[in-house]
Amino acid sequence: MALHGNLIVSIEECKGCGLCVEACPPKVLHLTQQLNHCGYHTVEYTGQGCTGCGICFYVCPEPGALAVYRLAA
Amino acid sequence: MDGYVLAQHRAHSFYPVFDRKPDAQHQTHYCPGCGHGILHKLIARAIDELGIQDRTIFVSPVGCAVFGYYYFDVGNIQAAHGRAAAVATAVKRTRPQSIVISYQGDGDLAAIGSAEILHAANRGEPITVFFVNNAIYGMTGGQVAPTTPVGAKSTTTPFGRSVENEGYPLRVCELLAALEAPIYLERVALGNNKQITAAARAVKKALEIQVKGLGFSLVEILSPCPTVWKMTPVEAQRHVRDELAAIFPAGVYRDRSKDAVPWNAPARPPGDVRGMLGIAPSNGKKPAPPGTFVDQRIKIAGFGGQGVLLLGEILAEAGMRAGLEVSWLPSYGPEMRSGASNCSVRLSTAPLDSPVVSSPNVLMALNEPSLRKFLPDVEPGGAVFYNRTALPEDCRRQDVHFILRPFTELADELGDARAGNMVLLGAFLQMSRALPLEAVGAALAHMIPSERLRALDLEALERGRQLVKEILP
Ligand SMILES: Cc1ncc(C[n+]2csc(CCOP(=O)(O)OP(=O)(O)O)c2C)c(N)n1
Ligand code: SF4
Ligand code: SF4
Ligand code: SF4
């Protein structure tokens, strides 16, 4: 299956709230064991199955934690 | 990532770096999962999309969002608790072209600020209010809010909110919908991505209404506060969806945006108000000549007894008689005599937004402590009048104009050292030409009843004008 979307997480900005994990329709996000400099378990994209829908971006409270990419038509 | 385009990313209207803390330059100070962050992003996005970043003024509240000015790269003002809608009113009225956002929590808007919001809405002020209802006081650690659900425990309702003791949850949209003036009132929620998308539309619409100049718009946002609610962010979102939305139904409570006509800045008061109030003879009021722009931000400082406050009052009175917008703001020292005193005066052809002068373009320093205190604040290019012929070694600046004359001593030679303020006034008038002499004469006639003193003052004024003529013929 072609990858329609892609996601870049800014580890230092993520606060590990998990709202994006909950909201992502294809469930391609999870929280890692790793802690960032603020002590939060940050989110990670499995690398497979992102549709580029942008939902994670909208539910995330941090201005720059997530950047969503979409395959140009 | 060949072939990919950026679809969603950080809005332009946020600062690229948040200066608040060296170790958190990109993060907000909000708790993980807090609704304030989500709403900030919706607002920043809408500002970007509407292209209004360079004319938006964001009024931050007291509450968890008090640091809004660290995040939004727009004009910012921090208001006292509950007063955001009143401050926003002032900003909008003095700067009608700006887009003014009043961002308020439920403690801020529905408790301490209930009067301000009610009257701003009732007057139909053409501002946009974002009202964050998280049903609790967040910043102060969880006291009951007017919006707290019945039965909910808080630090001030340890057995749960009771109707007998604290009354019913206040429904702000419903309340404001009873008024004639509001154009747009909607309640949205941040309970899941669908609700957040709807909230994004409402936020943008509310701002668009202001851009079109249609009138008062308010969006109430049911917002998670996981920390005080003692829930995980995901549980808090569910609580918004299931519990809060049942008490505060989402929906449009008013939408007159289709029929509303664009609002124009309120007309100036009719007739000659100054004449009616007796502060100036009706026929004496001269509007400032068109095309001349006056913006004098004057700081006057010295010892009590040097006539600092009176000099300010005379300037303001004369400005008023010359048809300018004026303000006079005294600041008294703790002692009545010989203590330090200062005042701020503004004279302007444009409406004034604030009587505070923090970066003066004119400093009148009648003694050395005043010079030391205020010289660093003077705007580059500004004028500094100092009551001596030389500056202290360590008080030099290359980027301001100094007028160094012993005003007090010159007045003493004329017979009364107390008229030093008038010598200084004369020098200022000659140099700035901000005010016509007749206006100053009329102000003196009004404020100095003693003919003897007035004659002395006029003489002192003339002496001051001569001083500057000698420097700048
Ligand atoms: C005049 C005044 N009274 C009280 C306070 C203390 N105070 C600070 S924040 C706050 C409540 C804020 O609650 P809310 O408006 O709901 O915002 P939130 O923190 O929940 O976002 C109070 C009472 C204050 N700063 N100033
Ligand atoms: S863009 Fe959509 S599919 Fe991709 S990670 Fe975000 S929510 Fe999931
Ligand atoms: S919503 Fe944002 S802050 Fe929360 S886990 Fe996802 S990326 Fe991190
Ligand atoms: S206390 Fe509540 S409202 Fe304040 S930042 Fe934390 S979650 Fe947000």
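The rules we used
- Residues numbered from 1 in each chain as written.
- Chains lettered and ligands numbered in written order.
- Predicted model: local features only at pLDDT ≥ 70, side-chain atom pairs only at ≥ 80, totals over all residues.
- Heavy atoms only, no water.
- Pairing = 2+ DSSP bridges.
- Helix = DSSP H or I, 4+ residues; strand = E, 2+ residues; numbered from the N terminus.
- Axes fitted to C-alpha atoms, helices over the stretch in contact; angles between N-to-C directions.
- Core = buried A, V, L, I, M, F, W, Y, C linked by side-chain atoms within 4.5 Å.
- Buried < 20%, exposed > 50% of the residue type's maximum accessible area, 1.4 Å probe, protein only.
- Contact = heavy atoms within 4.5 Å.
- pLDDT = per-residue confidence, 0-100.
- Domains from an automatic or database assignment.

**A word on the sheet that holds strand E4 (residues 66-71) of chain A**
Part 1 of the reasoning: Read from one edge to the other, the open sheet built from three strands follows the order E1(A)-E4(A)-E1(B), with strand pairing classed as antiparallel. Bordering the open sheet on either side are strand E1 (5-9) of chain A together with strand E1 (4-8) of chain B, each of which pairs with just one other strand. The sheet shows a mean angle of 35 degrees between the axes of neighbouring strands, taken without regard to direction.
Part 2 of the reasoning: Sheet topology places E4(A) next to E1(B); four bridges connect them, and they run antiparallel. If you follow Leu71(A) over to E1(B), its bridge partner there is Tyr4(B).

**Thoughts on the nonpolar core**
Part 1 of the reasoning: Leu29(A), Leu66(A), Ile43(B) and Phe130(B) are the most contacted members of the largest nonpolar core, which totals 61 residues.
Part 2 of the reasoning: Of all the elements, helix H8 (residues 193-211) of chain B adds the most residues to this core, at eight residues.
Part 3 of the reasoning: With sequence-adjacent residues up to four places away left out, Leu29(A) is seen in contact with Leu7(A), Cys20(A), Val21(A), Cys24(A), Val43(A), Glu44(A), Tyr45(A) and Cys56(A).
Part 4 of the reasoning: Val294(B), Ile314(B), Leu366(B) and Ala434(B) belong to the second-largest nonpolar core, a separate cluster that totals 43 residues.

**So, the environment of Ala434(B)**
Residue and element names in this part refer to chain B.
Part 1 of the reasoning: Turning to its location among the elements, Ala 434 is positioned in the loop between helix H15 (420-432) and helix H16 (437-447).
Part 2 of the reasoning: Sequence spacing of Ala 434 and Ser 102 is 332 residues, and the spatial spacing of their C-alpha atoms is 36 Å.
Part 3 of the reasoning: Excluding its chain neighbours within four sequence positions, the residues that come into contact with Ala 434 are Gln 296, Leu 324 and Phe 428.

**Quick notes on the confidence of the model for chain B**
Part 1 of the reasoning: Residues with a pLDDT of 70 or more make up 92% of chain B, whose mean pLDDT is 92.
Part 2 of the reasoning: Below a pLDDT of 50 lies the segment residues 281-285 of chain B, which in the model reaches seven contacts outside its immediate sequence neighbourhood of four places, other chains included.

**Some points on the domain arrangement of chain B**
Part 1 of the reasoning: What the domain assignment reports for chain B is domain 1 (9-19 + 27-255) and domain 2 (272-471).
Part 2 of the reasoning: Using C-alpha coordinates to define each centre, domain 1 of chain B is positioned 44 Å away from domain 2 of chain B.

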